[in-house]
Amino acid sequence: PRSDCIAAEQLCLSDSTCNATYRILENCALAKTRFLPLDHDSRVRCLNAELDLGNSSLLHCKCHRRMKRQEHCLRVFWTVHSSVTDGYFNLETSPYENPANEEHWKTDYNKLAALLSGKDCSQLAGDATNPCLKATHVCNLSKKCVRLRTDYASICTKGAGSEDMCDRRKCHRGLRNFFEKVPEDFTKRILFCPCQDELCGERRRKTIVPDCSFQYNTKPNCLWLLDSCLEDHICKSRLADFQQNCQPADMSPDGCSQHNHAACLQAYMGMIGTPMTPNYVSNSSAEVSLWCTCESSGNQKEKCDQILGMFESNKCL
């Protein structure tokens, strides 16, 4: 059975042969994160070490997005799979296990929504035409949902709109906390509420407090955004998950190579709170993008357009 990478690492370290191989891979991964060029012999040694793991549980281990010590787990995964990212941003394999369907979360949401509809409707004017407002009201009835939403909202609004810069790193952490710890039935309805007018669209666009979490004063180049992401274990992992689950397929009727829109939306949510945080581009459409540009990309323009296109023109998403 596939184990999580922390358990697999402990098993490996208790075996002298596996331990020695793993230490070689750690040095390979360290050189990579520091952008140190490896000579031919070192590259061969790294590749051989990965092959030496053979059927070790380390080679097939995965992580869970909601697990404790997630960053440790992801570090182990990328230590073992460091060759996957060689020379290209297509990461091919997601470190995340496909989650089991948590049905009880849905009943939680539906119970609270039913409770809400029994309240005095005059307080909830606009709910019928503004699904985003209704989703927020339902979140407010769940202690965990309202607490974690208030947490990130307060962090992300500090300094936003004034001369002081908000603490983007803390804001991103707060957003990840919200999307990881609150049941998806709440988070999906808040983020993907279907809007018919601009008032609703504005609320949806501002869900992640874009002034802090999404926008910089000037748009950076998308390649810079990608480099920032690949240096961060969580962002790199979420990007790999997104590429795997939102891979478009032109010949497919649903536009997805995996044929699983729920997994794609979950992977999209995983990108929020990383250096490559996406968001809605306006109040009047459901189009999303990264906050970056491909101008002045020189001979890497094609690669840059690909990065932007994963969000802007992805039929699966």
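Check the entry above for the structure.
As the structure is a computational prediction, the values presented were derived from the model and not from experiment.

**What to know about the packing of aromatic side chains**
This model, assessed by the stated rule, comprises seven aromatic pairs. A centroid spacing of 5.6 Å and a plane angle of 65 degrees characterise the contact between Phe-214 and Trp-291, whose relative ring orientation is edge-to-face. In this pair, Phe-214 sits in the loop between α11 (210-213) and α12 (222-230) while Trp-291 sits in the loop between β2 (288-290) and α15 (301-312), placing the two residues 77 residues apart along the sequence. Through a chain of ring-to-ring contacts, the aromatic side chains of Tyr-152, Phe-178 and Phe-179 assemble into a single cluster. A cation over an aromatic ring shows up here: Arg-65 above the ring of Tyr-96, its NZ or CZ 4.8 Å from the ring centre. The ring of Tyr-216 carries the charged tip of Arg-168 above its face, separated from the ring centre by 3.9 Å.

**Some thoughts on the state of the cysteines**
Evaluated as defined, the whole model comprises 14 disulfides. The residue that forms a disulfide with Cys-139 is Cys-145, at a sulfur-sulfur distance of 2.1 Å. On the S-S bond that ties Cys-139 to Cys-145, the torsion sits near -110 degrees, and the link is left-handed. Residue classification places Cys-139 among the buried residues on the basis of a relative accessible area of 0%.

**Some points on the nonpolar core**
Judged by nonpolar contacts, the single largest core of 52 residues is most densely connected at Phe-178, Phe-242, Met-276, Leu-290, Ile-307 and Phe-311. Not counting chain neighbours up to four residues away, the residues in contact with Met-276 comprise Leu-225, Leu-226, Cys-229, Cys-235, Leu-239, Met-271, Leu-290, Ile-307, Met-310 and Phe-311. Among the nonpolar cores identified, the runner-up in size contains 22 residues, and Ile-6, Cys-18, Met-67 and Ala-240 belong to it.

**Observations concerning helix α14 (residues 261-271)**
With eight of 11 residues buried, α14 lies mostly within the body of the structure. Within the span of α14, buried status applies to Ala-263, Cys-264, Gln-266, Ala-267, Tyr-268, Met-269, Gly-270 and Met-271. Looking at the buried positions of α14, the neighbouring elements they touch are α8 (168-181), α9 (184-191), α13 (233-245), β1 (278-280), β2 and α15. You can read the cap of α14 off the contacts: a side-chain oxygen lies 3.3 Å from the backbone nitrogen of Ala-262, and it is on Asn-260. Positive backbone phi, approximately 95 degrees, marks Gly-273, located one or two places after α14.

**Topic: unusual backbone geometry**
Within the chain, Val-209 stands out as a residue other than glycine whose phi angle is a positive 50 degrees. One can find Val-209 in the loop between α10 (198-205) and α11. Look at Val-209 and you get buried, because its relative accessible area is 14%. Even without being glycine, Ser-296 reaches a positive phi, approximately 60 degrees. By secondary structure assignment, the location of Ser-296 is in the loop between β2 and α15. Judged by relative accessible area, Ser-296 falls into the exposed class, the value being 78%.

**Digging into the packing of α12 against α13**
α13 packs onto α12 with a crossing angle of 110 degrees between their chain directions and a minimal axis gap of 6 Å. Here α12 lies roughly perpendicular to α13, going by the angle between them. Residue-level contacts link Leu-226, Cys-229 and Leu-230 of α12 to Cys-235, Lys-236 and Leu-239 of α13. For the contact of α12 with α13, the residue count by class is five nonpolar, no polar and one charged.

**Here's the deal with the pattern of salt bridges**
Under the definition given, this model contains seven salt bridges. One salt bridge connects Arg-189 with Asp-185, and the closest N-O pair in it is separated by 3.5 Å. Here the residue Arg-189 and the residue Asp-185 both occupy positions in helix α9, the gap between them amounting to four residues, near one helical turn. Judged by its relative accessible area of 34%, Arg-189 falls in the partly exposed class.

**Notes on a positive patch on the surface**
On the surface, a cluster of positive charge is contributed by Arg-66, Lys-144, Arg-147 and Lys-181. Within the secondary structure, Lys-144 sits in helix α7 (residues 143-157). Here Lys-144 falls in the partly exposed class, since its relative accessible area comes to 40%.

Rules used throughout
Residues numbered from 1 in each chain as written. Predicted model: local features only at pLDDT ≥ 70, side-chain atom pairs only at ≥ 80, totals over all residues. Heavy atoms only, no water. Phe/Tyr/Trp six-rings, centres within 6.5 Å; stacked < 30°, edge-to-face > 60°. Helix = DSSP H or I, 4+ residues; strand = E, 2+ residues; numbered from the N terminus. Lys NZ or Arg CZ within 6 Å of the ring centre and 35° of its normal. Disulfide = S-S within 2.5 Å. Buried < 20%, exposed > 50% of the residue type's maximum accessible area, 1.4 Å probe, protein only. Core = buried A, V, L, I, M, F, W, Y, C linked by side-chain atoms within 4.5 Å. Contact = heavy atoms within 4.5 Å. Polar contact = N/O pair within 3.5 Å; in protein donor to acceptor, adjacent residues only side chain to side chain. Axes fitted to C-alpha atoms, helices over the stretch in contact; angles between N-to-C directions. Parallel < 35°, antiparallel > 145°, perpendicular 65-115°, else oblique. Nonpolar A, V, L, I, M, F, W, Y, C, P; charged D, E, K, R; others polar. Salt bridge = Lys/Arg side-chain N within 4 Å of Asp/Glu carboxyl O. Patch = residues over 30% accessible without salt bridge, like charges linked within 9 Å, V, L, I, M, F, W, Y side chains within 5 Å. Areas by Shrake-Rupley, 256 points an atom, 1.4 Å probe, with all protein chains shown as cover. Lys, Arg positive; Asp, Glu negative; His and termini not counted. Charge placed at Lys NZ, Arg CZ, Asp CG, Glu CD.

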